[in-house]
Amino acid sequence: MRKGMFLRLALTNIKKNRGTFVPYILSSMGCIAVLYIMLFIVHNPDTRNIRGGSDVAMIVSMGVFVLGIFSVIFLLFCNSFLMKRRQKEIGLYNVLGMEKRHISRMLLVETLITGAVSLTGGIGAGILGSKLALLLLLKMLHLPVQFGFYVTWEGVKICAASYGMILAVTLLQNLSRVHLSRPVELLSGKSVGEREPKTKLLMAVLGFACLGGGYYLAVTTKSVMDALVIFLLAVLLVMTGTYLVFTAGSIMILKLMRRKKSFYYKIQNFTSVSGMLYRMKQNAVGLASICILSTGVLLMISSAVSLNMGIEDAVKSQYPYDVNAGFYGYSYEEAEEAQKFMRSEAEKSGIPVKSVESEIILSMVGFFDGHHYTFDSDMEKVKEQDVMELVVIPEEYYQSPDGEKISLENGTVLIWGAEGKSIDIGGREFSVAGKLKEEPDISGLLGVEYVSSIYVVTNPETFKQISEIQRMEMEKGGSMGYRMKSSLGIMVDGEDDQAIALKNLLDGSIEKFRSQGYFSQEGETVSNRARAVEKENFYGLNGGLLFVGILLGGVFLMGTALIIYYKQISEGYEDRERFQIMRKVGMSRREVRSSIRRQILMVFFLPLLAACVHISMAFPLMKKLLLMVGMSNDRLFLLCTAVTVLVFAAIYGLIYMATARAYYHILEKAE
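Residues numbered from 1 in each chain as written. Predicted model: local features only at pLDDT ≥ 70, side-chain atom pairs only at ≥ 80, totals over all residues. Heavy atoms only, no water.

Colleague: Help me understand the overall build of the protein chain, please; the structure alone is not making it clear to me.
Modeller: In terms of helices and strands, the protein chain carries 19 helices and 10 strands. Looking at the 671 residues of the protein chain, the share that counts as buried comes to 51%. Long-range contacts, defined as pairs at least 24 residues apart, comprise 82% of the intrachain contacts of the protein chain with a sequence gap of at least 6. Split by element, the accessible area of the protein chain, about 32400 Å² in all, is 60% carbon and sulfur. (Helix = DSSP H or I, 4+ residues; strand = E, 2+ residues; numbered from the N terminus. Buried < 20%, exposed > 50% of the residue type's maximum accessible area, 1.4 Å probe, protein only. Contact = heavy atoms within 4.5 Å. Areas by Shrake-Rupley, 256 points an atom, 1.4 Å probe, with all protein chains shown as cover.)

See the structure below:
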């Protein structure tokens, strides 16, 4: 062949098939640009120097991994669609005299051209967009804008290497398809498989079972500690069920509809059901992919937005005071000494203090059967719902709702969260003198978010006895709970910088206190947190999650749009032939267009409906996952999810309307 022939053929093919090549190249550029932006954030030396930078880098690194997996699957799918659309074209080249090695060289040149354009454009867009992305990230982290320009050559290398590997895989896939097929098969490739789809009952039943199992796990999971593992299992079941239901379950339902004579033998229903059978057979995998991508977008964006908007609530819940000092040990006497010492140090600091709240509690986790509270470490012997947190409060640190002072005898307790005249704690019986009038409001407890709690108020002597029981259990390795906590909450009469200054002063005071021999045993710890500092850390973590959620959500949305576009093109060419057949059998143009429009709307909005069902069923489990990162405002999460679904539905509709133009343009040629 003449020199340059393959280059001219490749350019001509790309130009003639620009309706499919251009979206593919643009999508590749989008994936590469987002990948570069994420790598830019990770490798930028300034990232780790900003507040919360290490958390941001870690979260974005996880996003790089997710994006890499998605890009491989997505670009292979797009390449498969392109080759399917070009089977007749390649078969014709073969019939006209081109050998398979010539076609392979032509495909190689096409791949190099599209790859070079995609990689150059993607990295260029990524470099230009990286500064904008950094400004967006700094805005989310509530940090001042940084000036300057930086290019990460490490990111460029990774983008080139990863995209090069994807191109190599797609090229090998295309070459193997050409070499293993005969010209006749390629010429008739689009017509293969037009038989009526068979009912695969086992696959359909398995699909509905997987969906039901995933939904059941999402709705019934009560333990926050198990939520992450359950979430991964539920996601796997729902993804499997979605693909099986779309591929087999939809065919089964349509055939059941066809059996109902009174429904089926009507003009609109007859053509719609018959057409849908073939549409679902050919498009089920793509529609299931759209559904899963849509669900991913909704989950990521709604969770990230609610986390970011709920930062104030989360910070106040975990750090209710401007300065929060906590001593975790075993001695009640040391706990009281810590209270006195820290109060004295706060008064001597010279920083104006508005109020000081002190608290001593004993918190532990065990198993409760209604009377016996035990510390059995054998998890298989107890039911999950029996796991309870026991919170013991000395009477002098308990504030009664009516202000009444409490005085209890040794061995007696006031209780909340359990019934009975007595309670057995670790084998020792304590009599119940009465019930508390309301549930104590104690911040930072495990039971508030993870498990149910029993509250016990008693005198200092009985408090020490229960503390000794727990200490012995911890030495034996039976207790899963915490030590005695002595906490001091200080509200500063001033701005955040004064609270941070007081926190820094108290850090030195704590070291001075511990140097005197207090809280120095193994397992005893001390913490000192300023709400203003922790709030900045929350912005670093949640801002990073929102940033990655926006980037990945945008990529997933782009993937959804491209799949819809390719489906519209496929539907257009297939419906053009159906349109002609329907017209020949006597249907009016209006009836034909109405029937096809109904099918198209059902096909392309079915994934959105399924995604909304997935989101609604995942909501209870997502609430528990968000509790693990401090998000306890269910109403805010519900509102963010509802708004996200509405906005996504509007964008989805716009994507459909935009891509439908290509469909109707193809269909008009049949008229």
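Colleague: Mind showing me how you'd approach the environment of Glu 439 here?
Modeller: Residue placement: Glu 439 occurs in the loop between β7 (428–435) and α14 (446–449). Judged by relative accessible area, which is 43%, Glu 439 ranks as partly exposed. Distance in space between the C-alpha atoms of Glu 439 and Pro 401 is 9.8 Å, their sequence separation being 38 residues. Those residues in contact with Glu 439, other than ones at most four positions away along the chain, are Trp 416 and Tyr 455.

Colleague: Could you clarify how one ought to interpret the nonpolar core in this entry?
Modeller: Inside soluble globular proteins, nonpolar side chains tend to come together where they are buried. Counting 90 residues, the largest nonpolar core has Met 38, Ile 41, Val 60, Leu 67, Phe 74, Phe 547 and Tyr 566 as the members making the most contacts within it. It is helix α17 (residues 531–584) that provides the largest number of residues to this core, a total of 13 residues. Setting aside anything within four residues of it in sequence, one finds Leu 67 in contact with Cys 31, Val 34, Leu 35, Met 38, Leu 552 and Val 555. Counting 35 residues, the second largest nonpolar core, distinct from the first, contains Ala 335, Tyr 397, Ile 423 and Ile 466. (Core = buried A, V, L, I, M, F, W, Y, C linked by side-chain atoms within 4.5 Å.)

Colleague: In this structure, what is going on with the packing of helix α13 (residues 332–348) against helix α16 (residues 496–514)? I would like to understand it.
Modeller: Packed helix pairs are characterised by how far apart their axes lie and by the angle those axes make with each other. Axis separation between α13 and α16 bottoms out at 11 Å; the angle between their running directions is 140°. Between α13 and α16, the interaxial angle falls into the category oblique. In the packing of α13 onto α16, the handedness of the crossing is right-handed. Counted together, Glu 334, Glu 337, Ala 338, Phe 341, Met 342, Glu 345 and Ala 346 of α13 and Leu 506, Ser 509, Ile 510, Lys 512 and Phe 513 of α16 form the full contact between these two elements. Its residues assigned to classes, the contact of α13 with α16 shows 7 nonpolar, 1 polar and 4 charged. (Axes fitted to C-alpha atoms, helices over the stretch in contact; angles between N-to-C directions. Parallel < 35°, antiparallel > 145°, perpendicular 65-115°, else oblique. Left-handed = near helix turned anticlockwise from the far one by under 90°. Nonpolar A, V, L, I, M, F, W, Y, C, P; charged D, E, K, R; others polar.)

Colleague: Help me understand the pattern of salt bridges, please; the structure alone is not making it clear to me.
Modeller: A side chain of one charge can pair with a side chain of the opposite charge when the charged atoms of the two come close. Per the counting criterion, the structure on display carries 7 salt bridges. The partner of Arg 531 in a salt bridge is Asp 322, and the shortest N-O contact between them spans 3.9 Å. Separated by 209 residues along the polypeptide, Arg 531 in helix α17 and Asp 322 in the loop between α12 (311–318) and β1 (323–329) bring together distant segments of the chain. With relative accessibility at 19%, the residue Arg 531 sits in the buried group. A relative accessible area of 14% places Asp 322 in the buried class. A salt bridge links Lys 464 to Glu 333, with the shortest nitrogen-to-oxygen separation between them at 2.8 Å. In this pair, Lys 464 sits in helix α15 (residues 460–476) while Glu 333 sits in helix α13, placing the two residues 131 residues apart along the sequence. Under the relative-accessibility criterion, Glu 333 is labelled partly exposed at 42%. (Salt bridge = Lys/Arg side-chain N within 4 Å of Asp/Glu carboxyl O.)

Colleague: Would you take a moment to explain the packing of aromatic side chains for this structure?
Modeller: What characterises a pair of aromatic rings is the spacing of the ring centres plus the angle enclosed by the ring planes. For the structure shown, the criterion picks out 12 aromatic pairs. Aromatic pair Phe 70 and Phe 556: ring centres 4.7 Å apart, planes at 50°, arrangement tilted. Of the two residues, Phe 70 is situated in helix α3 (residues 53–85) and Phe 556 in helix α17; the sequence distance between them amounts to 486 residues. Residue classification places Phe 70 among the buried residues on the basis of a relative accessible area of 10%. (Phe/Tyr/Trp six-rings, centres within 6.5 Å; stacked < 30°, edge-to-face > 60°.)

Colleague: Hey, could you run me through helix α8 (residues 201–220) in this one?
Modeller: Helical geometry: 3.6 residues make up each α-helical turn, so side chains three or four residues apart lie on a common side. Over its 20 residues, α8 runs 28 Å from end to end, which matches the ideal 28 Å to within 8%, given 1.5 Å per residue. Residues of α8 that are buried: Ala 204, Gly 207, Cys 210, Leu 211, Gly 214, Tyr 215, Leu 217 and Ala 218. The buried residues of α8 occupy an angular sector of 165° when projected down its axis, which confines them to one face. Of the exposed residues in α8, the ones pointing more than 90 degrees away from its buried face are Leu 201, Leu 202 and Tyr 216. (Expected span 1.5 Å × (residues − 1). Arc of directions from axis to C-beta.)

Colleague: In this structure, what is going on with the pairing of β1? I would like to understand it.
Modeller: Working note: regular strand, side chains alternate between the two faces of the sheet. Burial analysis of β1 places 6 of its 7 residues in the buried class, the great majority of the element. In this sheet, strand β9 (residues 484–492) lies alongside β1 in antiparallel orientation, the contact comprising 7 bridges. If you follow Tyr 328 over to β9, its bridge partner there is Lys 485. Note that β1 and strand β10 (residues 525–530) share 6 bridges and pair antiparallel. Residue Tyr 328 lies in a different strand from β10, and its bridge partner there is Thr 525. (Pairing = 2+ DSSP bridges.)

Colleague: In this structure, what is going on with α15? I would like to understand it.
Modeller: In a regular helix each residue adds 1.5 Å, so 17 residues correspond to 24 Å; α15 covers 24 Å between its end C-alpha atoms and thus fits that length. Within the sequence span of α15, burial applies to Thr 462, Phe 463, Ile 466, Ser 467, Ile 469, Gln 470 and Glu 473. Seen end-on, α15 carries its buried residues on one side only, within an arc spanning 155°. What points out from α15, more than 90 degrees from its buried face, is the exposed set Glu 475 and Lys 476.

Colleague: I'm lost on a nonpolar patch on the surface in this one. Help?
Modeller: On the surface, a cluster of nonpolar side chains totalling about 450 Å² of accessible area is made up of Phe 65, Val 66, Ile 69, Val 72 and Ile 73. The residue Phe 65 is located in helix α3 in this model. (Patch = residues over 30% accessible without salt bridge, like charges linked within 9 Å, V, L, I, M, F, W, Y side chains within 5 Å.)

Colleague: Before we go on, may I ask you to explain the state of the cysteines in this structure?
Modeller: Put plainly, two cysteines are in a disulfide when a covalent bond ties their sulfur atoms together. For the coordinates displayed, the defined rule picks out 0 disulfides. Cys 78 supplies the cysteine sulfur nearest to Cys 31, a cysteine that is in no disulfide, at a spacing of 8.2 Å. The exposure class of Cys 31 is buried, given its relative accessible area of 3%. (Disulfide = S-S within 2.5 Å.)

Colleague: Looking at this model, I keep getting lost on the pairing of β7. Mind explaining?
Modeller: Alignment of strand β5 (residues 412–416) against β7, held across 4 bridges, turns out to be parallel. Its bridge partner being in β7, Val 413 is matched across the sheet by Val 432. Judged from the 4 bridges that link them, strand β6 (residues 422–425) and β7 form a sheet pairing that is antiparallel. Bridge pairing links Ser 422 to Ser 431 in β7. From the end of β6 to the start of β7, which pair antiparallel, there are 2 residues, and Gly 426 there has a positive phi angle of about 60°.

Colleague: Before we go on, may I ask you to explain the environment of Tyr 321 in this structure?
Modeller: Of note, Tyr 321 is situated in the loop between α12 and β1. The spacing of Tyr 321 and Arg 529 is 208 residues in sequence and 9.3 Å in space, taken between C-alpha atoms. Among residues more than four places away in sequence, those in contact with Tyr 321 are Glu 357, Gly 489, Ile 490, Met 491 and Arg 531.

Colleague: Help me understand the side chain of Gln 339 in this model?
Modeller: Relative to the helices and strands, Gln 339 is located in helix α13. Accessibility expressed as a relative area gives 4% for Gln 339, which makes it buried. Filtering out sequence-adjacent residues up to four positions away, Gln 339 remains in contact with Ser 358, Glu 359, Ile 360, Tyr 397, Ser 486, Ser 487 and Leu 488.

Colleague: Just to check I follow, could you spell out the confidence of the model for the protein chain for this structure?
Modeller: Any segment with low pLDDT has predicted coordinates that should not be analysed in fine detail. Per-residue confidence for the protein chain averages 78 on the pLDDT scale, and 79% of its residues sit at or above 70. Confidence drops under a pLDDT of 50 for residues 190–194, and excluding neighbours within four residues, the segment shows 8 contacts in the predicted structure. Predicted confidence is poor over residues 445–449, with pLDDT under 50, and the contacts of this stretch with residues over four places away or in other chains come to 17 contacts. (pLDDT = per-residue confidence, 0-100.)

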